[in-house]
Amino acid sequence: MSDPNPPEQPSFNQPAGSDPTTPIPSSQPSSPAPGAPGAPGATGAPGATGAPVGGSTPPPPPPVAPTGGPSGMSSIPDPAREGAGFFTALFDFSFTNFVTPILVRFVYLLATVALVASWLIFVFAGFANSVGTGLAALILGPIFVIIYLAVIRMTLEFYLSVVRMSEDIHKRLPQA
């Protein structure tokens, strides 16, 4: 014999395994959904305004982060602007111009070349010593190169972020 009142299926916004009669806590204010009975401008028919029937309205999409600051500054550095004043920034004894954003790419490139060259030297020296040492340098060397390169990259990014924070602070502060 079948049950005349089958169990109610949970709605699309009901967590699995929960009681469908228990209200779901919401971070949104508890006002009637548009089109629901009792809502301002309601027509009385559920879902007449296109709102989902039997549930709360979906949350709004997350805000999109702006690409620039309040004055339209972009966070992407302009290499032409940075490269133009290298010697001006280098010999600025009042330290109003920063040389770090200009030099960071060059230092990272030098560090990469130096690490790869030293790994190759270790590989050749290892094979000259013995095959086992050469194979160990050949296999383990790239791991150490990547670790050292990551540490160098994080250090350079830290220096660059400090300089960029300083530039942003100086741009936002009123000049006395």
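Further up the page is the structure itself.
Residues numbered from 1 in each chain as written. Predicted model: local features only at pLDDT ≥ 70, side-chain atom pairs only at ≥ 80, totals over all residues. Heavy atoms only, no water.

**Focus on the side chain of Asp92**
The topology assignment puts Asp92 in the loop between helix H2 (86-90) and helix H3 (100-129). One polar contact links the side chain of Asp92 to the main-chain amide nitrogen of Asn97, over a distance of 2.8 Å. (Helix = DSSP H or I, 4+ residues; strand = E, 2+ residues; numbered from the N terminus. Polar contact = N/O pair within 3.5 Å; in protein donor to acceptor, adjacent residues only side chain to side chain.)

**A short note on a nonpolar patch on the surface**
A cluster of nonpolar side chains, contributed by Phe127, Val131, Leu135, Leu138, Ile139, Leu140, Ile143, Phe144, Ile147, Tyr148, Val151 and Met154, occupies part of the molecular surface with about 1200 Å² of accessible area. In terms of residues, the nonpolar patch owes the most to one element, helix H4 (residues 131-172), which gives eleven residues. The topology assignment puts Val151 in helix H4. For Val151, a relative accessible area of 42% translates into the label partly exposed. (Patch = residues over 30% accessible without salt bridge, like charges linked within 9 Å, V, L, I, M, F, W, Y side chains within 5 Å. Areas by Shrake-Rupley, 256 points an atom, 1.4 Å probe, with all protein chains shown as cover. Salt bridge = Lys/Arg side-chain N within 4 Å of Asp/Glu carboxyl O. Buried < 20%, exposed > 50% of the residue type's maximum accessible area, 1.4 Å probe, protein only.)

**Description of the packing of aromatic side chains**
As enumerated under the stated definition, the model contains one aromatic pair in all. Plain terms: the ring middles of Phe158 and Tyr159 are 6.0 Å apart, the flat faces sit at 55 degrees to each other, and that makes the pair tilted. Exposure remark for Phe158: the relative accessible area of 51% places this residue in the exposed category. Owing to a relative accessible area of 48%, Tyr159 belongs among the partly exposed residues under this scheme. When the ring centre of Tyr108 is taken as origin, the NZ or CZ atom of Arg153, which lies over that ring, is 5.1 Å away. (Phe/Tyr/Trp six-rings, centres within 6.5 Å; stacked < 30°, edge-to-face > 60°. Lys NZ or Arg CZ within 6 Å of the ring centre and 35° of its normal.)

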